[in-house]
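A closer look at the structure
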Amino acid sequence: MQIHKDMLIGDLVQAHELIAPMLMRAGMHCLGCPSAQGETLEEACMVHGIDCDTLVSGINEVLAERA
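Let me begin by describing the structure that accompanies this report.

1. Brief notes about the overall build of the protein chain
Scanning the protein chain from terminus to terminus reveals five helices and zero strands. Beginning at the N terminus, the succession of helices and strands in the protein chain can be written as α-α-α-α-α. Its C-alpha radius of gyration of 11 Å places the protein chain within 12% of the 11 Å reference for a compact globule of 67 residues. Principal-axis analysis of the C-alpha atoms places the extent of the protein chain at approximately 30 × 20 × 20 Å. When burial is assessed residue by residue, the protein chain has 33% of its 67 residues classed as buried. When contacts within the protein chain are restricted to residue pairs at least 6 apart in sequence, those whose partners lie at least 24 apart make up 58%. Carbon and sulfur atoms make up 54% of the accessible area of the protein chain, which amounts to about 4000 Å² in all.

Put into structure tokens, the structure is as follows:
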């Protein structure tokens, strides 16, 4: 699985069990919030002051190792 910054948070959290903990470690503690579910990863990163490209790269690396 490969994630992209235009994917919705709700879809990402459901796609793989490792994604939610990684997002929370990055500083996104409101994953269960209804409004967060409809945000893209890029939008959520912007709100939280997180470099989206670095986060996407890190998540994809972990997912590739687990494949």
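2. Considerations on the pattern of salt bridges
One pass over the structure, following the stated rule, counts two salt bridges. Two residues, Lys 5 and Glu 42, come together in a salt bridge whose shortest N-O distance is 3.8 Å. Linking Lys 5 in the segment before helix H1 (9–15) with Glu 42 in helix H4 (residues 41–48), this pair joins segments that are 37 residues apart in sequence. On the accessibility criterion, Glu 42 (41% relative accessible area) is partly exposed. By sharing partners, the salt bridges in this structure join Lys 5, Glu 42 and Asp 53 into a single network.

3. Some points on helix H2 (residues 19–26)
By the burial criterion, the buried members of H2 are Ile 19, Ala 20, Met 22 and Leu 23. The buried side chains of H2 occupy one side of the element, clustering within an arc of 165 degrees when seen end-on. Taken together, the buried residues of H2 touch H1, H4 and helix H5 (52–66).

4. Considerations on empty space enclosed by the protein
Enumeration over the complete set of coordinates arrives at one cavity of 30 Å³ or more. Quantified by volume, the largest cavity comes out at close to 40 Å³. Residue lining of the largest cavity: Ile 9, Met 28, Cys 30, Leu 31, Ala 36, Glu 39, Ala 44 and His 48, and that is the complete set. Taken together, the residues of the lining of the largest cavity break down into six nonpolar, one polar and one charged.

Criteria and thresholds
Residues numbered from 1 in each chain as written. Predicted model: local features only at pLDDT ≥ 70, side-chain atom pairs only at ≥ 80, totals over all residues. Heavy atoms only, no water. Helix = DSSP H or I, 4+ residues; strand = E, 2+ residues; numbered from the N terminus. Rg over C-alpha atoms; globule rule 2.2 N^0.38 Å. Buried < 20%, exposed > 50% of the residue type's maximum accessible area, 1.4 Å probe, protein only. Contact = heavy atoms within 4.5 Å. Areas by Shrake-Rupley, 256 points an atom, 1.4 Å probe, with all protein chains shown as cover. Salt bridge = Lys/Arg side-chain N within 4 Å of Asp/Glu carboxyl O. Arc of directions from axis to C-beta. 1 Å grid on protein atoms, 1.4 Å probe; cavity = no way out; pocket = protein on both sides within 12 Å on 5 of 7 lines; lining within 4 Å. Points joined across faces, edges and corners; volume = space filled by probe spheres on them. Nonpolar A, V, L, I, M, F, W, Y, C, P; charged D, E, K, R; others polar.

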